[in-house]
Amino acid sequence: MAHSTKKINLRDIALFSDLPDRVLEKLLKHMTTRTYPRATIIISEGERSGGLYFIHSGKVRIFVGDEEGRELVLRTQGIGEYFGEMSLFSEAPRSASVITIEETELSLISRPDFKDCLSENPEISYHLISMLSHRIRLLTDEMKNLSFLDVSSRLARVLLDQAINQDGKWIVKSITQQEIANMIGSSREMVSRSMRDLIKNDHISVDGNTITIKAKLPV
Ligand code: CMP
């Protein structure tokens, strides 16, 4: 874990984008910035809140788990986004765990410092509320998908969401069947079965952990 020497630009964080320079400079003094290697647990579900994190580079995965070690991925987040706000406004413990999925630079502000910032700059609340309402909308979509779509349609949606264009081909890189299962609330076995169908019908091809989308997927 390395302390950053690079100058952090808080304006790249959507929450702060409209604040004047003097406020951002003051805020920066209350933050600690570090670079974390891949696969570092930043927050553990159930622990007490330690503050709010902002992502300057890299990516994190937000997930919940159960006693049997099963995991459900709630979301991945990247540059300009933030996490850890849910337990800031109540005495409730952290609602989910957060892990880095690549080297990631994060700034942390403590709960009391963020509360001061919020009362001095109430316009930030608007951003927070719109982000939380967007999240409820996403959760509604996910509940709808879980209730109404079968595993193969949910799999197709995740592949389309995750695909990047590389040399004219749509590919999903570095993803395991277990990770896909965690993203769609299914088992590795069900994902494996659905992937075999997609391969058989020439919708996708698979090479190690890389999936190439060859034809329109049946969503
Ligand atoms: P907090 O509960 O403090 O710590 C875990 C964080 O994960 C939480 O704040 C949110 O920032 C984030 N989080 C929890 N649930 C979701 C969700 N369903 N979608 C996106 N982010 C979430």
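Above this text sits the structure in question.
Before going into details, it helps to say that this report is about the structure given with it. (Residues numbered from 1 in each chain as written. Predicted model: local features only at pLDDT ≥ 70, side-chain atom pairs only at ≥ 80, totals over all residues. Heavy atoms only, no water.)

1. Description of the site of the ligand
Alright, step 1. Taken together, 13 residues are adjacent to the ligand, and Gly84, Glu85, Ser87, Arg94 and Ser95 come closest.
Alright, step 2. Here an oxygen atom of the ligand sits 2.7 Å away from a polar atom, N or O, in the side chain of Ser95.
Alright, step 3. Starting from 460 Å² of accessible surface for the ligand in isolation, the protein chains cover 96%.
Alright, step 4. Of all the elements in the fold, those that place two or more residues in the shell around the ligand are β6 (71–77) and α3 (123–148).
Alright, step 5. In the shell around the ligand, the residues fall into six nonpolar, three polar and four charged. (Near = heavy atom within 4 Å. Polar contact = N/O pair within 3.5 Å; in protein donor to acceptor, adjacent residues only side chain to side chain. Areas by Shrake-Rupley, 256 points an atom, 1.4 Å probe, with all protein chains shown as cover. Helix = DSSP H or I, 4+ residues; strand = E, 2+ residues; numbered from the N terminus. Nonpolar A, V, L, I, M, F, W, Y, C, P; charged D, E, K, R; others polar.)

2. What about the sheet that holds β6?
Alright, step 1. The strand order across the open sheet formed by four strands is β3-β8-β5-β6, and the pairing between neighbours is antiparallel. Sheet topology places β3 (41–43) and β6 at the edges, where each strand pairs with a single neighbour. Strand-to-strand twist of the sheet, defined as the mean angle between neighbouring strand axes without regard to direction, takes the value 30°.
Alright, step 2. Two strands pair when backbone bridges link them, and β3 and strand β8 (residues 97–100) are joined in this way by two bridges, in the antiparallel orientation. Across the sheet, residue Ile41 finds its bridge partner in β8, namely Ile99. (Pairing = 2+ DSSP bridges. Axes fitted to C-alpha atoms, helices over the stretch in contact; angles between N-to-C directions.)

3. What to know about the nonpolar core
Across soluble globular proteins, nonpolar side chains have a tendency to be buried as a group.
Alright, step 1. Ranked by internal contacts, the top residues of the largest apolar core, which has 21 residues, are Leu15, Phe16, Leu27, Phe54, Phe114 and Ile124.
Alright, step 2. Beyond its immediate stretch of four places on either side in the chain, Phe16 contacts Leu10, Arg11, Leu24, Leu27, Met31, Phe54, Phe114 and Ile124.
Alright, step 3. By size, the runner-up hydrophobic cluster in this structure holds 18 residues, among which are Val158, Ala181, Val191 and Met195. (Core = buried A, V, L, I, M, F, W, Y, C linked by side-chain atoms within 4.5 Å. Buried < 20%, exposed > 50% of the residue type's maximum accessible area, 1.4 Å probe, protein only. Contact = heavy atoms within 4.5 Å.)

4. Here's the deal with the sheet that holds strand β12 (residues 204–207)
Alright, step 1. Read from one edge to the other, the open sheet built from four strands follows the order β10-β11-β13-β12, with strand pairing classed as antiparallel. A strand with exactly one partner marks an edge of an open sheet, and here the two such strands are β10 (164–166) and β12. Averaged over all neighbouring strand pairs, the angle between strand axes comes to 35°, with direction disregarded.
Alright, step 2. With four bridges joining them, β12 and strand β13 (residues 210–213) adopt antiparallel strand pairing. What sits directly across from Asp207, in β13, is Thr210.
Alright, step 3. Set on the sheet, helix α6 (residues 188–200) makes contact with β12 and β13; between it and β12 the angle comes to about 115°.

5. Some remarks on the pattern of salt bridges
Alright, step 1. Counted by the stated rule, this structure contains nine salt bridges.
Alright, step 2. A salt bridge links Glu85 to Arg135, with the nearest nitrogen and oxygen atoms 2.7 Å apart. Highlighted residues: Glu85 in the loop between β7 (82–83) and β8 and Arg135 in helix α3, separated in sequence by 50 residues.
Alright, step 3. Its salt-bridge partner being Arg188, residue Glu189 comes within 3.9 Å of it at the nearest N-O pair.
Alright, step 4. The class of Arg188 is partly exposed, set by a relative accessible area of 35%.
Alright, step 5. Among the charged side chains, a salt-bridge network with shared partners connects Asp66, Glu68 and Arg70. (Salt bridge = Lys/Arg side-chain N within 4 Å of Asp/Glu carboxyl O.)

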